[in-house]
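Here is how the chains run, residue by residue.
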Amino acid sequence: MVNLAQIIGEIGPMLECGLTADELAEVGMAPVTRASGKVHTVGFRHSADRAVRKAMTHFADNSRHANPWAE
């Protein structure tokens, strides 16, 4: 319940601004993919909104503990 309030508090204003699902994914959890020629790397997004990332990470962890399928 507390986690839901945290997610709504962080993502709600972004949805009011009219962000699409792709733009919203880049705000928090989506990895950065770099590819050129022979090299293809996937890395951590450092320039993300930390509060949104923290809320989504807590949600994922809570669902992993609460749902047997998510384990």
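Reference entry: report on the structure contained in this document. Each chain has its residues counted from 1, running along the sequence as written. Only residues with pLDDT of 70 or above have their local features reported here, since the model is predicted, and side-chain atom pairs are shown and tallied only from 80 upward, although totals for entire chains, interfaces and linings are computed over all residues. In computing side-chain properties, one takes all heavy atoms of the structure into account and sets aside hydrogens as well as water.

**Things to note about the overall build of the chain**
Helix and strand assignments come from DSSP, with helices taken as H or I runs of at least 4 residues and strands as E runs of at least 2, each series counted from the N terminus. Check the secondary structure of the chain and you find three helices and two strands. Ordered by position from the N terminus, the helices and strands of the chain form the series α-α-β-β-α. In this description the radius of gyration comes from C-alpha coordinates, and the expected globular size is given by 2.2 Å times residues to the power 0.38. Taking 2.2 N^0.38 as the reference for a compact globule, 71 residues should give roughly 11 Å; the C-alpha atoms of the chain span a radius of gyration of 15 Å, well beyond that estimate. Taken along the three principal axes of its C-alpha coordinates, the chain extends 45 × 35 × 20 Å. Taking all 71 residues of the chain together, the buried fraction comes to 18%. Pairs of residues are marked as contacts when any of their non-hydrogen atoms sit within 4.5 Å. Within the chain, contacts between residues separated by at least 24 positions form 43% of all contacts whose residues are at least 6 apart in sequence. Under this rule, positive means Lys or Arg and negative means Asp or Glu; His and the chain ends count for nothing. Working definition for charges: the position is that of NZ of Lys, CZ of Arg, CG of Asp or CD of Glu. Each charge class in the chain was averaged separately, 7 positive and 8 negative side chains, and the resulting centres sit 13 Å apart. Categorising residues by exposure relies on relative accessible area from a 1.4 Å probe, with only protein chains included: less than 20% of the type maximum marks a residue as buried, more than 50% marks it as exposed, and the intermediate range marks it as partly exposed.

**What to know about helix α1 (residues 2–16)**
Residue count minus one, scaled by 1.5 Å, sets the expected span of a helix. With 15 residues, α1 extends 21 Å from end C-alpha to end C-alpha; this agrees with the ideal 21 Å at 1.5 Å per step. Bend is computed residue by residue as the angle between axes fitted to the seven residues ending at the residue and the seven residues starting at it. Taken as a whole, α1 carries its principal kink of about 30° at E10; the proline P13 stands between one and four residues after it.

**So, helix α3 (residues 50–66)**
Here α3 spans 24 Å end to end across 17 residues, near enough to the 24 Å set by a 1.5 Å rise per residue. If you check which residues of α3 are buried, you get V52, R53 and A55. For α3, the buried positions fall inside an angular range of 165° around the axis, keeping them on one side. In α3, the exposed positions angled more than 90 degrees off the buried face are occupied by R50 and H65. Here the arc refers to the directions that run from the helix axis out to each C-beta atom.

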